[in-house]
Amino acid sequence: IEAQLGGGPLSGRHVLVTSGPTHEPIDPVRYIANRSSGAQGAAIARAARDAGARVSFVTGPASVPPPEGVDVIRVETAREMREAVLAALPADVAIFVAAVADWRVATPSDRKMKKSGGALPVLDFAENPDILAEVSRHDQRPTLVIGFAAETHDVADHARAKRERKGCDWILANDVSDGTGIMGGAENAVTFISAEGAEEWPRAGKDAVATRLIERIAAKLAGEL
Ligand code: CTP
Ligand code: CA
């Protein structure tokens, strides 16, 4: 209700969120993907909406539905995601939750590949554009650019290096080392990395992580941090 009355902490703000996996075609019926469910991105978009923001939600083919009340832009591939993100600028805040495929098949077949007498297919890969790094250095750079990083070891060190390499403000690193994997799970164990250092956030549900992040963003934009 607060948000509807325009009194939410992010009212008047435009928040861009990327979410879900990307699918990179091999041929018309096959693709390369990853285990992202899109749950954390959807939770963050919902929390931003509830804080009164206008939300652009650029999502790959996720297994959870997008929240109501946000502008949903559906994409398949990393390159489509990049186009949609650049088209959604300017924004006050951009939060890159998507698990973007690092590589695509360089030349996907336009016909279904067929088995041929035991000969195995060989796939040539090309590297996908780094959308977060590009937006971090864009002339319409949002005030706050935030990334996620899934790491299995040396979580804080890798995330610190990633923050500097990509030029973003904050990174939320999650430890995906325990076999079952947090990816696709209900909870997230986050290390929050900023220029000021690293903070361990207690393991919590994805909604709680989302609320905590949105509160942090609102405080930063209000000049309280
Ligand atoms: N990201 C992106 N575009 C890409 C790859 C990643 O926007 N092509 C974003 C992700 O949404 C995430 C952050 O960058 O917010 C970090 O992604 P991650 O996969 O951890 O980083 P990479 O640079 O791809 O490094 P790695 O080799 O560890 O996968
Ligand atoms: Ca990656």
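The rules behind these values
- Residues numbered from 1 in each chain as written.
- Chains lettered and ligands numbered in written order.
- Predicted model: local features only at pLDDT ≥ 70, side-chain atom pairs only at ≥ 80, totals over all residues.
- Heavy atoms only, no water.
- Near = heavy atom within 4 Å.
- Polar contact = N/O pair within 3.5 Å; in protein donor to acceptor, adjacent residues only side chain to side chain.
- Areas by Shrake-Rupley, 256 points an atom, 1.4 Å probe, with all protein chains shown as cover.
- 1 Å grid on protein atoms, 1.4 Å probe; cavity = no way out; pocket = protein on both sides within 12 Å on 5 of 7 lines; lining within 4 Å.
- Sits in = over half its atoms within 2 Å of the grid points.
- Core = buried A, V, L, I, M, F, W, Y, C linked by side-chain atoms within 4.5 Å.
- Buried < 20%, exposed > 50% of the residue type's maximum accessible area, 1.4 Å probe, protein only.
- Helix = DSSP H or I, 4+ residues; strand = E, 2+ residues; numbered from the N terminus.
- Contact = heavy atoms within 4.5 Å.
- Pairing = 2+ DSSP bridges.
- Axes fitted to C-alpha atoms, helices over the stretch in contact; angles between N-to-C directions.
- Donors = N, O, S within 2.8 Å, 3.2 Å for Na, K, Ca; no water.
- Points joined across faces, edges and corners; volume = space filled by probe spheres on them.
- Nonpolar A, V, L, I, M, F, W, Y, C, P; charged D, E, K, R; others polar.
- UniProt positions renumbered as here; feature names shortened; annotations may be inferred.
- Parallel < 35°, antiparallel > 145°, perpendicular 65-115°, else oblique.
- Left-handed = near helix turned anticlockwise from the far one by under 90°.

### Digging into the site of ligand 1
Now for step 1: Around ligand 1, the surrounding shell holds 13 residues, and the nearest of these are Phe 96, Ala 98, Pro 129, Phe 148 and Lys 162.
Now for step 2: Here Asp 102 contributes a side-chain N or O atom positioned 2.9 Å from an oxygen atom of ligand 1.
Now for step 3: Taking Ile 131, its main chain carries an N or O atom lying 3.1 Å from a nitrogen atom of ligand 1.
Now for step 4: Calculation on ligand 1 without its partners gives an accessible area of 580 Å², and the protein chains cover 77% of this total.
Now for step 5: Among the detected pockets, ligand 1 sits in the largest pocket.

### Quick look at the nonpolar core
Now for step 1: Core analysis: the biggest nonpolar cluster contains 33 residues, and Ile 95 and Ile 217 have the highest contact counts within it.
Now for step 2: For this core, the secondary structure elements donating two or more residues are β1 (14-19), α1 (39-50), β4 (54-59), β6 (93-96), β9 (144-151), β10 (170-175), β12 (190-194) and α5 (206-221).
Now for step 3: With 7 residues, α5 is the largest single contributor of residues to this core.
Now for step 4: For Ile 95, the contacting residues outside a window of four places in its chain are Val 15, Leu 16, Val 17, Thr 18, Ile 44, Ile 146, Phe 148, Leu 213, Ile 214 and Ile 217.
Now for step 5: Core analysis: the second largest hydrophobic core is formed by 23 residues, Ala 84, Ala 98, Val 145 and Ala 159 among them.

### Observations regarding the sheet that holds β6
Now for step 1: Sheet architecture is open: 8 strands sit in the order β5-β4-β1-β6-β9-β10-β12-β13, paired in mixed fashion. What marks the edges here is a single partner per strand, and that holds for β5 (71-74) and β13 (197-200). Taken over all neighbouring pairs, the strand axes of this sheet differ in orientation by 15 degrees on average, direction set aside.
Now for step 2: Across 4 bridges, β10 lies against β12 in antiparallel orientation. By the bridge assignment, Ala 173 is partnered in β12 with Thr 191.
Now for step 3: Against the sheet, helix α2 (residues 78-88) contacts β1, β4, β5 and β6, and its axis sits at roughly 175 degrees relative to β1.
Now for step 4: The strands touched by α5 are β6, β9, β10, β12 and β13; relative to β10, the strand with the most contacts, the crossing angle is about 165 degrees.

### Describing the coordination of the calcium ion (ligand 2)
Note on metal sites: the ideal angle is 109.5 degrees for four tetrahedral donors, and 90 or 180 degrees for six octahedral donors.
Now for step 1: Those donors, Asp 102 (OD) and Asp 102 (OD), are the protein atoms that reach the calcium ion (ligand 2), and they lie 2.5 Å from it.
Now for step 2: Residue position: Asp 102 is located in the loop between β6 and β7 (103-105).

### Details of the pairing of strand β2 (residues 24-27)
Now for step 1: Sheet analysis places β2 next to strand β3 (residues 30-32), joined by 3 bridges and oriented antiparallel. Pairing of Pro 25 across the sheet is with Tyr 31, part of β3.

### A word on the layout of surface pockets
Now for step 1: The volume enclosed by the largest pocket comes to roughly 1,000 Å³.
Now for step 2: In this structure, the largest pocket is lined by 39 residues; those nearest its centre are Ala 98, Ala 99, Val 100, Asp 102 and Phe 148.
Now for step 3: Where the lining of the largest pocket is concerned, the elements lending two or more residues are β1, α1, β8 (125-127), α3 (131-136), β9 and α4 (155-166).
Now for step 4: Of the residues assigned to the lining of the largest pocket, the class counts are 20 nonpolar, 13 polar and 6 charged.

### What to know about the UniProt feature "binding site: CTP" (unreviewed entry) in the protein chain
Now for step 1: Under the UniProt annotation, the feature "binding site: CTP" (unreviewed entry) is placed at Asp 102, Lys 112, Pro 129, Asp 130, Ile 131, Leu 132, Phe 148, Lys 162 and Lys 166. A stretch of 65 residues holds the annotated residues, and the largest C-alpha distance among them is 37.8 Å, long enough that they do not meet in one place. Here, the largest pocket is lined by Asp 102, Pro 129, Asp 130, Ile 131, Leu 132, Phe 148, Lys 162 and Lys 166 out of the annotated residues.
Now for step 2: According to the relative accessible area criterion, Phe 148 is buried, its value standing at 16%.
Now for step 3: If we ignore the near neighbours within four places in the chain, the residues touching Phe 148 are Gln 40, Ile 44, Ile 95, Phe 96, Val 97, Ile 171, Leu 172 and Asn 174.

### Observations concerning the packing of α1 against α5
Now for step 1: The geometry of α1 relative to α5 is characterised by a closest axis approach of 8 Å and an angle of 45 degrees between their N-to-C directions. Considering their axes alone, α1 and α5 lie oblique with respect to each other. When you trace α1 past α5, the crossing you get is right-handed. Contacts between α1 and α5 involve Ala 39, Gln 40, Ala 43, Ile 44, Arg 46, Ala 47 and Ala 48 from the first element and Lys 206, Asp 207, Val 209, Ala 210, Thr 211, Leu 213 and Ile 214 from the second.
Now for step 2: Class assignment for the residues of the contact of α1 with α5 results in 9 nonpolar, 2 polar and 3 charged.

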